[in-house]
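# Fold and geometry: a report
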Amino acid sequence: MPLRNSPTARQERLGAELRKLRERAGLTTREAGQLLGVDQAKASHFEAGRAGISEERIRRFASHCASDDTALIEALVGMATERVRGWWEEYRDVLSRGFLDLAEAEFHATAVHTVRIADIPGIMQTEEHARAVFGYSVPELPKADLEAKVAYRVQRRTMLDRSPAPTMNAVVHEAALRMRVGGTATARAQLAFLLETSERPNVEIRVIPFTANDFAGTSWSMYYLTGPVPQLDTVHLDTPLKGVFLDAEAQLKRYRTLFAKAERSSLGPEETRDFISRSIKDL
């Protein structure tokens, strides 16, 4: 089977987890290849996500690495053997890889925790709000690209409808609610949709008001995706050039702590609904 020229973030993550198993066992890639019945180059391709790996080889490798974490091994086997063609594949020749990687990560998440300071979470944006956001790009996007990005962002919402549905916990600063993105009518419709979304049984939205006394995290936002096992949690961060995935345990711990801090500064879910309702009237 030919090597992948551009492995997905999920394929790279599987390889990274295999590398962690190897390193914890004190093995070199050459030794790992010998245990798997392949040469060193092929073992390196496994760890880079450029080559697929079979269930039998993962289980054999885990045994040689003395890993008794059954839940993790089963999750890795699932990553290696899944044959999912998600809705995001229709955008493969339209949008950059980062968009597809994020949708795939959301598809496999069991829970999502996000903090947004100056913008509404993408998955909770209305079509017109998203169009205004992408329409603000410099240089201006061609119409076909703009509409593709809007359609993609709206379709991400299907994550909340699947069965079993992941839980989503969003902490949004009041600053994001006050932004009149797309104009007053669009802003009002966006807040109404946010209020409607908060009524979903698997969604909890909290607002950090301007009056919060102990919040100082105005320079950061985050998107934390919980995996089937804790070792497969992922943080997605937006940057000016592209999205970045983080998975080192120290990084995951940091963002779990940051989310907890933001949550402590926020209003409760019921207070938040009242707050959003008043914000709609203020527009």
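Just above, that's the structure.
A quick note: this is a predicted structure, and the numbers were derived from the prediction, not measured.

What counts and how
- Residues numbered from 1 in each chain as written.
- Predicted model: local features only at pLDDT ≥ 70, side-chain atom pairs only at ≥ 80, totals over all residues.
- Heavy atoms only, no water.
- Helix = DSSP H or I, 4+ residues; strand = E, 2+ residues; numbered from the N terminus.
- Salt bridge = Lys/Arg side-chain N within 4 Å of Asp/Glu carboxyl O.
- Buried < 20%, exposed > 50% of the residue type's maximum accessible area, 1.4 Å probe, protein only.
- Core = buried A, V, L, I, M, F, W, Y, C linked by side-chain atoms within 4.5 Å.
- Contact = heavy atoms within 4.5 Å.
- Phe/Tyr/Trp six-rings, centres within 6.5 Å; stacked < 30°, edge-to-face > 60°.
- Expected span 1.5 Å × (residues − 1).

### A few points about unusual backbone geometry
Residue V138 is joined to P139 through a cis peptide bond whose omega torsion reads 0°. Structurally, P139 can be placed in the loop between α7 (127-134) and α8 (143-155). Backbone torsion omega between S163 and P164 reads -5°, so that peptide bond is classified as cis. By the secondary structure assignment, P164 is in the loop between α8 and β2 (167-173).

### With respect to the pattern of salt bridges
One pass over the full model with this rule turns up 28 salt bridges. Taking the shortest distance from any N to any O, the salt bridge between R59 and E55 comes out at 2.9 Å. Linking R59 with E55, this pair stays in helix α4 (residues 55-64), spanning 4 residues, or about one helical turn. According to the relative accessible area criterion, E55 is partly exposed, its value standing at 35%. Residue R116 pairs with D238 through a salt bridge whose shortest N-O separation is 3.6 Å. Here the residue R116 occupies a position in strand β1 (residues 111-116), and D238 occupies one in strand β5 (residues 234-238), the gap between them amounting to 122 residues. By relative accessible area, D238 is classed as exposed at 58%.

### A closer look at the nonpolar core
Grouped together as the largest cluster of nonpolar side chains are 34 residues, with contacts concentrated most on M124, Y152, M168, L177, Y223 and I276. Looking at this core, the elements that each hand over two or more residues are α6 (97-108), α8, β2, α9 (174-178), α10 (184-197), β3 (203-208), β4 (222-226) and α12 (269-282). Residue contributions to this core peak at 4 residues, all from α6. Excluding its chain neighbours within four sequence positions, the residues that come into contact with M124 are M168, A170, Q190, F193, L194, T197, V203 and I205. The next biggest cluster of nonpolar side chains, apart from the first, holds 24 residues, and it includes C65, L72, I73 and L76.

### Some remarks on the packing of aromatic side chains
Applying the stated criterion across every chain, the model contains 6 aromatic pairs. On the basis of an interplanar angle of 90° and a centroid distance of 6.1 Å, the ring pair of W87 and Y91 is categorised as edge-to-face. By relative accessible area, which is 7% here, Y91 ends up buried. With a centroid separation of 5.2 Å and 85° between ring planes, the pair formed by F99 and Y152 is classed as edge-to-face. Of this pair, F99 sits in helix α6 while Y152 is found in helix α8, placing the two residues 53 residues apart along the sequence. Overall, F99 belongs to the buried group, its relative accessible area being 18%. For Y152, a relative accessible area of 2% puts it in the buried group. A network of ring pairs unites the aromatic residues W87, W88, Y91, F99, F107 and Y152 as a single cluster.

### Quick word on α10
An ideal rise of 1.5 Å per residue puts 20 Å on 14 residues; α10 measures up with 20 Å between its terminal C-alpha atoms. Restricting attention to buried positions, one finds in α10 the residues T186, A187, Q190, L191, F193, L194, L195 and T197. In this structure, the buried residues of α10 make contact with α7, α9, β3 and α12.

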